[in-house]
Amino acid sequence: AAATAKWYDRRDSVFIEFCVGDTKDLKVRFEQSSINFSCLGGPEKAKHQNVLDLYGDIDHKESKHRRTDRSVLCCLKKAVAGRSWPRLSKDKGKVTWLSVDFNNWKDWDEDSDEDLSSFDKFSEMMNTMGGDGLPDMEGGDEEHGVAGSGDGKMPDPE
Ligand SMILES: *[C@@H]1O[C@H](CO)[C@@H](O)[C@H](O)[C@H]1NC(C)=O
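Conventions used here
Residue positions are given per chain, counted from 1 along the sequence in the order it is written. Local features in this predicted model are restricted to residues whose pLDDT is 70 or higher, and side-chain atom pairs enter the listing and the counts only when it is 80 or higher, whereas totals over whole chains, interfaces and linings include all residues. Working from all heavy atoms in the structure, the side-chain values ignore hydrogens and water. Each helix is a run of DSSP H or I of at least 4 residues and each strand a run of E of at least 2, with the numbering of both proceeding from the N terminus. For this analysis, a polar contact is any N or O atom pair within 3.5 Å, provided that within protein one partner can donate a hydrogen and the other can accept it, and provided that sequence-adjacent residues contribute only side-chain to side-chain pairs. Using a 1.4 Å probe on the protein chains alone, a residue whose accessible area is under 20% of its type maximum counts as buried, one over 50% counts as exposed, and one in between counts as partly exposed. Salt bridge criterion: a side-chain nitrogen from Lys or Arg within 4 Å of a carboxyl oxygen from Asp or Glu. Note on definitions. A residue lies near a molecule or strand when any single heavy atom of the residue is within 4 Å of it. Note on areas: Shrake-Rupley with a 1.4 Å probe; residue coverage comes only from the protein chains shown. Under the convention adopted here, Pro, Cys and the residues Ala, Val, Leu, Ile, Met, Phe, Trp and Tyr are nonpolar, Asp, Glu, Lys and Arg are charged, and Gly plus all remaining residues are polar. Geometry of aromatic contacts follows a simple scheme: Phe, Tyr and Trp rings, the Trp one being its six-membered ring, pair when their centres are within 6.5 Å, and the pair is stacked under 30 degrees between planes, edge-to-face over 60, tilted otherwise. Each pair of strands is called paired provided DSSP finds at least two bridges between the two strands. Every axis in this analysis is a line fitted to C-alpha atoms, fitted for helices over the stretch in contact. Angles between the N-to-C directions lie between 0 and 180 degrees.

Turning next to the side chain of K78. With respect to the secondary-structure elements, K78 resides in the loop between strand 7 (72-77) and strand 8 (98-100). Engagement of the side chain of K78 in a polar contact is seen with the side chain of D9, the distance being 2.8 Å. For K78, the side chain forms a polar contact with the main-chain oxygen of R83, separated by 2.8 Å.

A positive phi angle, close to 50°, is found at D22, a residue other than glycine. Take D22: it is sitting in the loop between strand 2 (13-18) and strand 3 (24-30). On the accessibility criterion, D22 (42% relative accessible area) is partly exposed. Phi is positive for D25, which is not a glycine, with a value near 50°. Structurally, the position occupied by D25 is in strand 3.

Counted according to the given criterion, the structure contains one salt bridge. K78 is the partner of D9 in a salt bridge, and the nearest nitrogen-oxygen pair spans 2.8 Å. Highlighted residues: D9 in strand 1 (residues 5-9) and K78 in the loop between strand 7 and strand 8, separated in sequence by 69 residues. By the burial criterion, D9 is buried, and K78 matches it.

The next point concerns the site of the ligand. Surrounding the ligand, one finds K27, R29, N36, S38, Q49 and V51. The contact in question runs from an oxygen atom of the ligand to an N or O atom on the side chain of R29, over 2.8 Å. Within the contact set of the ligand, an oxygen atom lies 2.5 Å away from a side-chain nitrogen or oxygen of N36. Summarising the interface, the protein chains cover 48% of the accessible area of the ligand, which totals 370 Å² for the free molecule. Elements supplying a minimum of two residues to the shell around the ligand: strand 3, strand 4 (34-41) and strand 5 (46-53). Residues of the shell around the ligand, tallied by class, amount to one nonpolar, three polar and two charged.

All right, on to the packing of aromatic side chains then. Taken as a whole and judged by the stated rule, the model has five aromatic pairs. Note on W7 and W105: the rings are 5.2 Å apart at their centroids and 85° apart in plane angle, and the pair reads as edge-to-face. With W7 in strand 1 and W105 in the loop between strand 8 and helix 1 (118-128), the pair connects residues that are 98 residues apart, well separated along the chain. One exposure class covers both W7 and W105, and it is buried. Linked through ring pairs, F18, F37 and W97 together constitute an aromatic cluster.

Sheet architecture is open: three strands sit in the order 3-4-5, paired in antiparallel fashion. Strand pairing shows two members of the sheet lacking a second neighbour, strand 3 and strand 5, which therefore form its edges. Across this sheet, the average inter-strand angle for adjacent strands is 5°, counted without regard to direction.

Overall, mixed pairing links the five strands, which are arranged 6-7-2-1-8 in an open sheet. At either end of the open sheet lies a strand with only one pairing partner, and these are strand 6 (64-67) and strand 8. Each adjacent strand pair in this sheet contributes to an overall mean axis angle of 20°, direction not counted. In terms of strand pairing, strand 2 meets strand 7 through six bridges, oriented antiparallel.

Below, the structure is given as structure tokens:
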């Protein structure tokens, strides 16, 4: 079965979080315009596999993933930075296992370079992050409450 996943768009990268915990035999393969995620995970160590043709090309050599106890976060570096992705998948149809991560979503300004370094921030985060969820990457309050619930932060672990 496919793992559920959430994604969001940034100026120079696209983030996908696969919401499956305690993963084993994790394989994340990035190609030029697709991603292949597979693992055993969850309480039953069930097999999960997600293959997706991506909306745009990525720099697969610079794309990374980071496993935590609760999920697997992937950072896909866009081949062309500064162009927003209206959706993650190549095809227009809805991908059943995928949803938008409204807590992290933000409409970045195509003309501002404020987000230029989100990929670098991610790399930094990869090195400093524990197994306990994500730090608030933007360091500020979200102004638009798109999700309609919560305060825009990740829920407390446990
Ligand atoms: C995805 O990866 C799995 C496991 O590594 C492999 O068996 C499968 O053939 C791959 N699928 C595609 C479409 O590349």
